[in-house]
Amino acid sequence: MNRALVLNVTDEPLSVVSGRRAALLVYAERADVVHPGDEQLRSERMVLAVPSVVRLRRFVRVPHQRHLSLSRRGVLVRDGFSCQYCGARAETIDHVVPRSRGGGHTWDNLVAACRPCNVRKGARLIREAGMRLGREPRAPGRSLWVASRVGTVPTLWEPYLRVA
């Protein structure tokens, strides 16, 4: 079944729920449909449309901001699964400044890399290896946790996630 993005009254993304849960939120009049989905839930007496994006009717206070923990998957999602050196499909991560040279294990020192580029760079600095970064690494946006949870973000969700 499809998943649905749940927005707070302020259009801030709160969570991703099953399509069934989103339809029940709308049915219980706790949320409004922002974008309808393609599926329907059927029972003996009724048919409910499964929404793709819903907005809660009441403000929900979030005690802490969700964020994406530093992980291999998080770096790959942030960089779009593409090598930051050559643009090919990335399956590894690389420390821009190698740890053996004092580089940290932080968002701004990790990039997605394909195996050949990672091996070619090794424990050298980028300029020593004669390579260039396609994009400077940085901490991910606040809503990248959604992309890491669902894999690929539907195009309808992008305006609400402000994916950078």
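Here we summarise the structure given alongside this text.

Here is what the cut-offs are and how they apply
Residue numbers here run from 1 along each chain, matching the order of that chain's written sequence. Where local features are concerned, this predicted model is filtered to residues with pLDDT of at least 70; where side-chain atom pairs are given and counted, the filter is 80 or more; whole-chain, interface and lining totals use all residues. Side-chain metrics in this entry use all non-hydrogen atoms of the structure; hydrogen atoms and water are not considered. The secondary structure listing takes helices from DSSP runs of H or I that are at least 4 residues long and strands from runs of E that are at least 2 residues long, numbered from the N terminus. Using a 1.4 Å probe on the protein chains alone, a residue whose accessible area is under 20% of its type maximum counts as buried, one over 50% counts as exposed, and one in between counts as partly exposed. Note on contacts: a residue pair qualifies if any of its non-hydrogen atoms lie within 4.5 Å across the two residues. If DSSP finds at least two bridges between two strands, the strands pair. Note that the arc is computed from the directions linking the helix axis to the C-beta atoms.

## Here's the deal with the side chain of S52
Item 1. Position of S52 relative to the elements: it lies in strand β4 (residues 47–56).
Item 2. You can call S52 buried: its relative accessible area is 12%.
Item 3. Once residues within four sequence positions are removed from consideration, S52 is found in contact with R3, A4, L5, H35, P36, G37, L156 and W157.

## With respect to the pairing of β4
Item 1. β4 sits mainly inside the fold: seven of its 10 residues count as buried.
Item 2. Where strand β1 (residues 3–7) and β4 come together, three bridges link them in parallel fashion. When the bridges of β4 are listed, L5 appears paired with V53.
Item 3. As consecutive antiparallel partners, strand β3 (residues 31–42) and β4 are separated by four residues.

## Regarding helix α1 (residues 19–27)
Side chains that are three or four residues apart share a direction in an α-helix, a result of its 3.6 residues per turn.
Item 1. Along α1, the residues classified as buried are G19, A22, A23 and L25. Viewed end-on, α1 has its buried residues packed into an arc of 155°, placing them on one side of the element. Away from its buried face by more than 90 degrees, α1 exposes R20 and Y27.
Item 2. Looking at the buried side of α1, the elements it contacts are β1, β2 (13–18), β3 and β4.

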